[in-house]
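Read off the chains here:
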Amino acid sequence: MEIKAIRGMNDILPKEVRTWRFVEETARKIFGLYGFEELRSPVMEKTELFLRGIGDETDVVEKQMYTFTDKGGESLTLRPEATASVLRAVIEHGLLGEDPVRKVYSIGPMFRYERPQKGRYRQFHQINAERLGEDSPFSDAETLKLAYDLAASLGLEGVAMEVNSLGCEDCRAAFKKTLEGFLEGRAGSLCEDCSRRMRKNPLRVLDCKVPSCKEAVAGAPVLEEFLCDDCREHYRQVLSGLDAFGVPYGKNPLLVRGLDYYTRTTFEITAQGLGSQNAIAGGGRYDNLIGTLGGPETPGIGFAFGMERLVMLIGAVPAQERGCFVVAQGDEDVRRYAMGLLAELRAGGVPAEGAFDKSFKAQMRRAGRSGYPACAIIGGDEVKEGAVTVKDMRTSSQDRVPRADALARVQSVLSAQGEEA
Ligand code: HAM
């Protein structure tokens, strides 16, 4: 029986890879403009890292981790997000000692045991950024601007950014108490998860997507009103920085996010055309996380884009440019002559393919179907004369040129077509 891929884990086929590469290349370009460097960490970590880093009250840790015991009896987990792994690597290799401000990005697969649906998968990919060592509101504003630039450079439509401040532990403690009191009166209308969260993590109830919970939190106290002076000023300056950068945003006091490490600024970016899973990116500040993971107390802020959602929005990207198809028909001498030409074309930077086992007609058909703009035709006559026939596939005009001029002639056919395109 045929073996299929695991549910929620997708193959990315050549036609789709073009869009993935466009997204990756655009992201790398933008990160370069902002002084970010790439960091690659393993896809698997000790389970303890995520328990400590993400928080054991979160959906990700409670329900979504791919955790197993390896042959040595150690509990390991496929990374459900990149932040904890990246910070572990930064701490382990003392990168903050080399430079107290670090800006790193990572691109790769993440794993969450979620119910698969459009835009939500069990293996998905993130473009992740972390900016460490600065607590200035300028670094928040600039990080959000970076995320916005990336969405804009990908040409996405209907992009909207929502921002909130979750304050620090001090201001949150007062807010939590008031919120708990408010929720107690509405406990009957909360979903099962929220009834449980209500005591330990009442903030999560605020952004629960279950309709009865949404109704229950209407009119709930607003965290912004509980912010201490420092957090209030920080938030004000973040928003003022976004204005200075010209980044459009909306304030959303219910934006809590599903991971427990956030402090102060949180944000999310949505785009049109995705249905219910419309968040293309999310992130925020985490001033206690590096300390929690055993590193030096260091503030940080970051975000991650979900690549599947970006790829869905962008759709098809034109195929890689083709160059010259070499069609050869004849004995071994003809083939050797054609192989020499293939090698010379590629050495000259022209993408080239051949398929000498097929009939002349089949080779020409393949050249046409694959969208090759130029064709080099070689038979016994060409070999005898020391020539190559070069055909412009768009105009169908063809010319026999000396072998030594073949590369230049192919290049001129390609550049003439490139100019017309
Ligand atoms: P997150 O909101 O859990 O944040 O994920 C970020 C983005 O990843 C989401 O907005 C979404 O586009 C995508 N995503 C999440 N889960 C799935 C899924 N199951 N299938 C497809 N796409 C998905 C984080 O992961 C944080 N680590 C972001 C961060 C970095 N905060 C600070 N630094």
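See above for the structure.
Structure report, in brief.

Thresholds, definitions, all that
- Within each chain, residues carry numbers counting from 1 in the order of the written sequence.
- Owing to the predicted nature of the model, reporting of local features is limited to residues with pLDDT of at least 70; listing and counting of side-chain atom pairs is limited to 80 or more, with chain, interface and lining totals taken over all residues.
- Values reported for side chains reflect all heavy atoms of the structure, with hydrogen atoms and water molecules removed beforehand.
- Whether a residue is near a molecule or strand depends on its heavy atoms: if one lies within 4 Å, it is near.
- The term polar contact refers here to a pair of N or O atoms within 3.5 Å; inside protein, the definition further demands a hydrogen-donor-capable atom paired with an acceptor-capable atom, and it admits residues adjacent in sequence only when both atoms are side-chain atoms.
- Accessible surface area values rest on a Shrake-Rupley calculation with a 1.4 Å probe, where residue burial reflects the displayed protein chains alone.
- Think of it this way: any DSSP run of H or I at least four residues long counts as a helix, any run of E at least two long counts as a strand, and we number them from the N terminus.
- Asp, Glu, Lys and Arg are counted as charged, while Ala, Val, Leu, Ile, Met, Phe, Trp, Tyr, Cys and Pro are counted as nonpolar; the rest, among them Gly, fall into the polar class.
- By the convention used here, strands pair only if DSSP detects at least 2 bridges between them.
- Only protein chains enter the accessibility calculation, which uses a 1.4 Å probe; a residue is then buried when its area is under 20% of its type maximum, exposed when over 50%, and partly exposed in between.
- A contact between two residues is defined here by any heavy atoms of the two lying within 4.5 Å.

## Quick notes on the site of the ligand
- Among the 28 residues in the neighbourhood of the ligand, the closest are listed as Glu81, Glu114, Arg257, Tyr262 and Ala279.
- In this structure, arginine 112 approaches the ligand through a side-chain N or O atom, which is 2.9 Å from an oxygen atom.
- At 3.4 Å from an oxygen atom of the ligand is found a main-chain nitrogen or oxygen belonging to isoleucine 280.
- Taking 650 Å² as the accessible area of the ligand by itself, protein coverage stands at 95%.
- Mapped by element, the contributors of at least two residues to the shell around the ligand are strand 6 (123-132), strand 10 (279-285) and strand 11 (300-306).
- In the shell around the ligand, the residues fall into 12 nonpolar, 9 polar and 7 charged.

## Let's talk about the pairing of strand 16 (residues 398-402)
- Pairing of strand 15 (residues 387-392) with strand 16 involves 5 bridges; the strand directions are antiparallel. When the bridges of strand 16 are listed, threonine 389 appears paired with arginine 400.
- Counted between consecutive antiparallel strands, the loop separating strand 15 from strand 16 contains 5 residues, among which serine 396 sits at a positive phi close to 70°.

## Topic: helix 4 (residues 83-92)
- When you tally the buried positions in helix 4, you get 8 out of 10 residues, the bulk of the element.
- Residues of helix 4 that are buried: Thr83, Ala84, Ser85, Val86, Leu87, Arg88, Ala89 and Val90.
- Contacts made by the buried residues of helix 4 are with strand 2 (44-46), helix 2 (47-54), helix 5 (95-98), strand 5 (102-111), strand 6 and helix 12 (289-292).
- At the C-terminal side of helix 4, glycine 94 shows a positive phi close to 60°.

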